[in-house]
Amino acid sequence: MKGVFSAPGDYIHFKSQVPLHKIPIGTKQWRYYDFGPKVVPPIICLPGTTGTADVYYKQIMSLSMKGYRVISVDIPRVWNHQEWIQSFEKFLDAIDVHHIHLYGTSLGGFLAQLFAQHRPRRVKSLILSNAFLETRSFAAAMPWAPIVGWTPSFLLKRYILTGIRDGPHEPFIADSVDFVVSQVETLSREDLASRLTLTVDSASVGPLLLSDSFITIMDTNDFSAIPQQLKDQLSERYPGARRAYLKTGGDFPFLSRPDEVNLHLQLHLRRVGVEAQPDLVRSIPKDGTGGSPSKENDEKKDSDDPPKDNGGNPESTSEERQLPPAPESSESHGLDDQLLSNAKVCSLGHEGAICLRHSALLKNQHTVASKILLQSTWEFFIFSLLPFYVESLYITSSYGWKFRQLV
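Residues numbered from 1 in each chain as written. Predicted model: local features only at pLDDT ≥ 70, side-chain atom pairs only at ≥ 80, totals over all residues. Heavy atoms only, no water.

Where an unreviewed UniProt entry is consulted, the chain appears under the name Maspardin, with the organism given as Theobroma cacao. UniProt's Subcellular location (unreviewed entry) comment on the chain is quoted here verbatim: "Cytoplasm". (UniProt positions renumbered as here; feature names shortened; annotations may be inferred.)

Undergrad: Help me understand the overall build of the chain, please; the structure alone is not making it clear to me.
TA: Scanning the chain for helices and strands turns up 14 helices and 8 strands. Partitioning the contacts of the chain with sequence separation of at least 6, the portion at a separation of at least 24 is 83%. Taken as a whole, the chain presents about 18,400 Å² of accessible surface, with 54% of it coming from carbon and sulfur. (Helix = DSSP H or I, 4+ residues; strand = E, 2+ residues; numbered from the N terminus. Contact = heavy atoms within 4.5 Å. Areas by Shrake-Rupley, 256 points an atom, 1.4 Å probe, with all protein chains shown as cover.)

Undergrad: Could you clarify how one ought to interpret the sheet that holds strand 1 (residues 20–25) in this entry?
TA: Paired through backbone hydrogen bonds, the strands of a sheet run either parallel or antiparallel to each other. Ordered in space as 1-2-4-3-5-6-7-8, the 8 strands form an open sheet in which the pairing is mixed. Edge positions in the sheet fall to strand 1 and strand 8 (242–246), since each of these pairs with one other strand and no more. Taken pair by pair, the neighbouring strands of this sheet meet at an average axis angle of 20°, ignoring direction. Of the strands in this sheet, strand 2 (28–35) and strand 4 (70–73) touch helix 2 (residues 57–65), which is tilted by about 165° from strand 4. Contacts between helix 11 (residues 258–271) and the sheet are confined to strand 3 (43–46), strand 5 (100–105), strand 6 (123–129), strand 7 (215–220) and strand 8, with strand 7 contributing the most and set at about 170° to the helix. (Pairing = 2+ DSSP bridges. Axes fitted to C-alpha atoms, helices over the stretch in contact; angles between N-to-C directions.)

Undergrad: What am I meant to see in the packing of helix 1 (residues 9–17) against helix 2 here?
TA: Any two packed helices are characterised by how steeply their axes cross, that is the angle between the axes, and by the distance between the axes. Packing of helix 1 against helix 2 leaves a shortest axis separation of 10 Å and a crossing angle of 70°. What the angle tells us is that helix 1 and helix 2 run roughly perpendicular. Regarding helix 1 and helix 2, the two cross each other, and that crossing is left-handed. Contacts between helix 1 and helix 2 involve Asp 10, Tyr 11, His 13 and Phe 14 from the first element and Tyr 57, Lys 58, Ile 60 and Met 61 from the second. Tallied by class, residues from the contact of helix 1 with helix 2 come to 5 nonpolar, 1 polar and 2 charged. (Parallel < 35°, antiparallel > 145°, perpendicular 65-115°, else oblique. Left-handed = near helix turned anticlockwise from the far one by under 90°. Nonpolar A, V, L, I, M, F, W, Y, C, P; charged D, E, K, R; others polar.)

Undergrad: Help me understand helix 11, please; the structure alone is not making it clear to me.
TA: Because the α-helix completes a turn every 3.6 residues, residues three or four places apart line up on one side. Over its 14 residues, helix 11 extends 20 Å from the first C-alpha to the last, a length consistent with the 20 Å expected when each residue adds 1.5 Å. Looking one or two residues past helix 11, Gly 273 carries a phi angle of roughly 100°, positive in sign. (Expected span 1.5 Å × (residues − 1).)

Undergrad: How should the packing of helix 2 against helix 11 be read in this particular structure?
TA: Orientation of helix 2 relative to helix 11, taken along the N-to-C sense of each, is 55°, at an axis distance of 10 Å. Accordingly, the angle class assigned to the pair helix 2 and helix 11 is oblique. Of the two elements, helix 2 crosses helix 11, and the hand of that crossing is right-handed. Residues Lys 58, Gln 59, Ser 62 and Leu 63 of helix 2 lie in contact with helix 11, whose contacting residues are Pro 258, Val 261, Asn 262, Leu 265 and Gln 266. Its residues assigned to classes, the contact of helix 2 with helix 11 shows 4 nonpolar, 4 polar and 1 charged.

Undergrad: Got a minute to help me understand the pairing of strand 5 in this structure?
TA: The side chains of a regular strand alternate between both faces of the sheet. Here strand 5 lies mainly inside the structure; 6 of its 6 residues are buried. Across the two faces of strand 5 the burial is the same, with Ile 100, Leu 102 and Gly 104 and His 101, Tyr 103 and Thr 105 all buried. The pairing of strand 3 with strand 5 spans 4 bridges and is classified as parallel. What sits directly across from Leu 46, in strand 5, is Gly 104. Looking at chain direction, strand 5 and strand 6 are connected through 6 bridges and run parallel. Residue pairing for strand 6: His 101 is matched across the bridge by Ser 125. In this region the chain leaves strand 5, passes through helix 4 (residues 107–118) and returns to the parallel neighbour strand 6; the handedness of that crossover is right-handed. (Buried < 20%, exposed > 50% of the residue type's maximum accessible area, 1.4 Å probe, protein only. Right-handed = clockwise from strand over helix to strand, strands pointing away.)

Undergrad: Would you take a moment to explain the packing of aromatic side chains for this structure?
TA: The geometry of two aromatic rings is summed up by the distance between their centres and the angle between their planes. One pass over the full model with this rule turns up 19 aromatic pairs. Plain terms: the ring middles of Trp 30 and Phe 91 are 4.4 Å apart, the flat faces sit at 15° to each other, and that makes the pair stacked. Taken together, the residues span a long stretch of sequence, with Trp 30 in strand 2 and Phe 91 in helix 3 (residues 81–94) at a distance of 61 residues. We classify Trp 30 as buried; its relative accessible area is 0%. In this structure Phe 91 comes out as buried when scored by relative accessible area, which is 0%. With centroids separated by 5.1 Å and ring planes inclined at 75°, the aromatic side chains of Tyr 32 and Phe 91 adopt a geometry described as edge-to-face. Placement of Tyr 32 in strand 2 and of Phe 91 in helix 3 is noted, with a sequence separation of 59 residues between them. Like Phe 91, Tyr 32 is buried. An aromatic cluster is built from Trp 30, Tyr 32, Trp 84, Phe 88, Phe 91 and Phe 115, whose rings are joined through pairwise contacts. Across from the ring centre of Phe 172, 4.1 Å away, lies the NZ or CZ of Arg 257, which sits over that ring. (Phe/Tyr/Trp six-rings, centres within 6.5 Å; stacked < 30°, edge-to-face > 60°. Lys NZ or Arg CZ within 6 Å of the ring centre and 35° of its normal.)

Undergrad: Can you walk me through the pairing of strand 4 in this structure?
TA: Burial of the side chains of strand 4 extends over both faces: Val 70 and Ser 72 are buried on one face and Ile 71 and Val 73 on the other. Note that strand 3 and strand 4 share 3 bridges and pair parallel. Its bridge partner being in strand 4, Cys 45 is matched across the sheet by Ser 72. What joins strand 3 to strand 4 is helix 2, and the crossover it makes is right-handed.

The following block contains the structure:
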């Protein structure tokens, strides 16, 4: 299956220019990108079950060049929500970041809300896309959830990839699916198992101390895999949140509609008081050291002071190159109307997904028929034996327990 997807040229350029950081924190390995002026409070991007830090490369390149600091992370190998909260806090301490703005999609949106609930002093605003409030429905849909940690890698991938909506896609949506599928191939069995565990482990988001005016719900208006009930729950929980939708974009609008997503992210950051510093933007050198260098080189310059919360209507910065100056007070909505003529802001009830299109793995035109036949036969064989595999595990554990009692 590997070798079918060809990385787009802008991603190849991104990888050659922007440094990837890897730091061990306790028993966890954190993989992340950190780019843009470090004096600006960062927006941290949290991916879904199938995503990696790389899926937000279009946000990193665009926003950092406009004077924002963007950090994109992989979800580390954690096995419960409390461990996620503690591990993420240790990560923020390690990179010397104290006040953050979180952009979470799918599972990342759920984890962002949990962190905001339990560490309210650190989270200054939320942008939620394809997010949900509770995991009960996912657990009910996965009866084999108790053995997810023992499940082989190909079965985990198969479960994730078969949930994507069938049917033809627009080219830009198909490309976004292909890219995310290529990232799934880089994830280990343990990575997939831990993320699915976070998705089905019983939990729900409690009340947030964060005002609704500092929350934006952003989604596409065509399709996704999150049940309508969960989307309605999210909208009802935050009635005062700013709602935005993209007419099309599929499950991964940050890849398929990056210009519109980046525009909404900029509007959100300006609305909650984050001022870009375009005068501090440097061109990206070929050695990949531009933007935000490593912590050791910038430790003295890092000052993540909290943004000035002015009721969602911050003062503007006169140095922004791409956006016109933001008016103060109630006139801030005029800027939104002006900039969002093609990306409308209105009521939202849409959508999120943690699944991918399986057909993206079968693009080889000359061998697609044989691959489908071979894969179907293999999967039929595997899923026929899966109940016996689960039953054998149960019988083995039961007899092992009885044997230990006798001994």
